[in-house]
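Working through the structure, step by step
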Amino acid sequence: MPPLLSVDKLEAGYGPINVLHGISLTVEPGEIVAMIGANGAGKTTTLMSLSGVVKARGGRVVFDGRDLTAAKVPAHQVVRFGLAQSPEGRKIFPRLTVLENLQMGAFTRTDADGVKADIEKAFGMFPILRERQHQAGGLLSGGQQQMLAIARALMSRPKLLLLDEPSLGLAPQIVVQIFEVIRELNRQGMSVLLVEQNARMALKVAHRGYVLETGRVTMSDRADVLLNDPRIRAAYLGE
Ligand code: ATP
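Residues numbered from 1 in each chain as written. Predicted model: local features only at pLDDT ≥ 70, side-chain atom pairs only at ≥ 80, totals over all residues. Heavy atoms only, no water.

1. Notes on the overall build of the protein
From N to C terminus, the protein includes ten helices and ten strands. Taken against the 2.2 N^0.38 rule, which gives 18 Å for 239 residues, the C-alpha radius of gyration of the protein at 17 Å falls within 12% of a compact globule. Considered along the principal axes of its C-alpha atoms, the protein spans approximately 45 × 45 × 40 Å. For the protein, with 239 residues in total, the buried portion stands at 51%. Of the contacts made within the protein by residues no fewer than 6 positions apart, 67% connect residues no fewer than 24 positions apart. About 11,100 Å² of surface is accessible on the protein, with carbon and sulfur atoms providing 54% of the total. Charge-centre separation for the protein: the mean point of 28 positive side chains lies 3 Å from the mean point of 23 negative side chains. (Helix = DSSP H or I, 4+ residues; strand = E, 2+ residues; numbered from the N terminus. Rg over C-alpha atoms; globule rule 2.2 N^0.38 Å. Buried < 20%, exposed > 50% of the residue type's maximum accessible area, 1.4 Å probe, protein only. Contact = heavy atoms within 4.5 Å. Areas by Shrake-Rupley, 256 points an atom, 1.4 Å probe, with all protein chains shown as cover. Lys, Arg positive; Asp, Glu negative; His and termini not counted. Charge placed at Lys NZ, Arg CZ, Asp CG, Glu CD.)

Structure follows, in structure tokens:
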């Protein structure tokens, strides 16, 4: 089977600054792939270029058999192709209710009954969101907002979920819950590309991992191999 996502020598940046200097990676169907690296290594920029928010300056991104770079596919179209992002800092709509946030996640869809069914599914997975469905998103706790951001991304029925720092700023027991959700989604068949500062948790949940340093992939391997690599342990696992 061909990879679900294939990134080849991706280059991207902001204004005169190039941030990504030729990133190559793949995600196979059914995989959780982790991208780890220090602040500023280019992890967020990589996700943003995949979802079409930041334009690629070079290289190729092929997702589900479609070349996203050649046609300069815009972000809203990328969502339709099945690639959804839960952004860093969650970026939920604070004045919209929980329910409205979920409906916004389904903006590409016209099947009202399907959307309703998927909202029910999201409430099944995150019961707290059902309880709070009529409250403003901005009133939720950080962990609840993260759940909402993930649930909202799922509303487009993606084939690949891009998660940017889902554990950022959350209490340890909430982090455990979020990672359990990621594992459960994957069990149900979802492919995930996960960006994390929390390298240990990310590599524990992932099948494979990539290490980014200043816009380049410096290591990639099975997640358990990376977890046991002395260089990774010293640089990213605080040992
Ligand atoms: P972090 O965990 O801090 O988000 P990261 O690995 O995701 O780190 P990026 O956010 O991709 O790194 O940032 C890579 C580089 O690009 C950094 O030097 C950053 O300052 C720069 N950068 C990020 N966003 C912008 C922007 N909107 N305009 C200009 N420079 C940016």
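2. Concerning the site of the ligand
Around the ligand sit 13 residues in total, of which N39, G40, G42, T44 and T45 are the nearest. The separation between an oxygen atom of the ligand and a polar main-chain atom of A41 is 3.0 Å. Here an oxygen atom of the ligand sits 2.9 Å away from a polar atom, N or O, in the side chain of Q197. Calculation on the ligand without its partners gives an accessible area of 630 Å², and the protein chains cover 58% of this total. Across the shell around the ligand, the residue classes tally to four nonpolar, six polar and three charged. (Near = heavy atom within 4 Å. Polar contact = N/O pair within 3.5 Å; in protein donor to acceptor, adjacent residues only side chain to side chain. Nonpolar A, V, L, I, M, F, W, Y, C, P; charged D, E, K, R; others polar.)

3. Describing the sheet that holds strand β2 (residues 17-27)
Strand order in this open sheet of four strands is β2-β1-β4-β5, and the pairing throughout is antiparallel. Whereas interior strands pair on both sides, the edge strands pair on one side only; in this sheet they are β2 and β5 (66-67). Pairing of strand β1 (residues 5-14) with strand β4 (residues 58-63) involves five bridges; the strand directions are antiparallel. Bridging across to β4, E11 finds its partner in G58. Relative to β1, helix α1 (residues 43-50) is tilted by about 110 degrees, and along the sheet it contacts β1, β2 and β4. (Pairing = 2+ DSSP bridges. Axes fitted to C-alpha atoms, helices over the stretch in contact; angles between N-to-C directions.)

4. A closer look at the domain arrangement of the protein
Domain annotation of the protein identifies domain 1 (1-82 + 158-238) and domain 2 (89-157). Domain 1 puts 18 residues into the contact, and the matching count from domain 2 is 14 residues. Across the domain 1/domain 2 interface, buried area totals approximately 1,400 Å², and carbon plus sulfur atoms make up 75% of it. Three residues, V79, P158 and V181, lead the burial of domain 1 against domain 2; their summed loss comes to 32% of the area buried on that side. Summed over the shared surface of domain 1 and domain 2, the number is zero salt bridges. Across the domain 1-domain 2 interface, the total number found is zero residue pairs in polar contact (both at pLDDT 80 or more). Breaking the side of domain 1 that touches domain 2 down by element, the ones donating at least two residues are α2 (75-81), β7 (160-164) and α7 (172-187). Within the side of domain 1 that touches domain 2, the residues separate by chemical class into twelve nonpolar, three polar and three charged. (Domains from an automatic or database assignment. Buried area = accessible area lost by both parts, 1.4 Å probe. Salt bridge = Lys/Arg side-chain N within 4 Å of Asp/Glu carboxyl O.)

5. Things to note about the nonpolar core
Counting residues in each nonpolar core, the largest one holds 48 residues, and the members touching the most others are L129 and I182. Examining the composition of this core, we find that seven residues originate from one element, helix α6 (residues 142-154), more than from any other. The residues touching L129, leaving out its near neighbours within four places in the chain, are V98, F123, L140, Q144, M147, L148 and A151. V78, L160, L193 and L212 belong to the second-largest nonpolar core, a separate cluster that totals 29 residues. (Core = buried A, V, L, I, M, F, W, Y, C linked by side-chain atoms within 4.5 Å.)

6. Some remarks on the packing of helix α3 (residues 98-105) against α6
If you want to describe how two helices pack, look at the angle between their axes and the distance between the axes. Contact geometry for α3 and α6: axes closest at 7 Å, N-to-C directions at 35 degrees. By crossing handedness, the relation of α3 to α6 is classed as right-handed. Contacts from V98, N101, L102 and G105 of α3 reach α6 at L148, A151 and R152. (Left-handed = near helix turned anticlockwise from the far one by under 90°.)

7. Some words on the pairing of β4
Consecutive side chains along a regular strand alternate between the two faces of the sheet. Strand direction decides the pairing type here: β4 and β5, joined by two bridges, are antiparallel. Bridging across to β5, F63 finds its partner in R66. Linking β4 to β5, which pair antiparallel, is a turn of two residues; within it D64 sits at a positive phi near 50 degrees.

8. Section: the pairing of β1
Direction of pairing for β1 relative to β2: antiparallel, over a ladder of eight bridges. Across the sheet, residue G13 finds its bridge partner in β2, namely N18.

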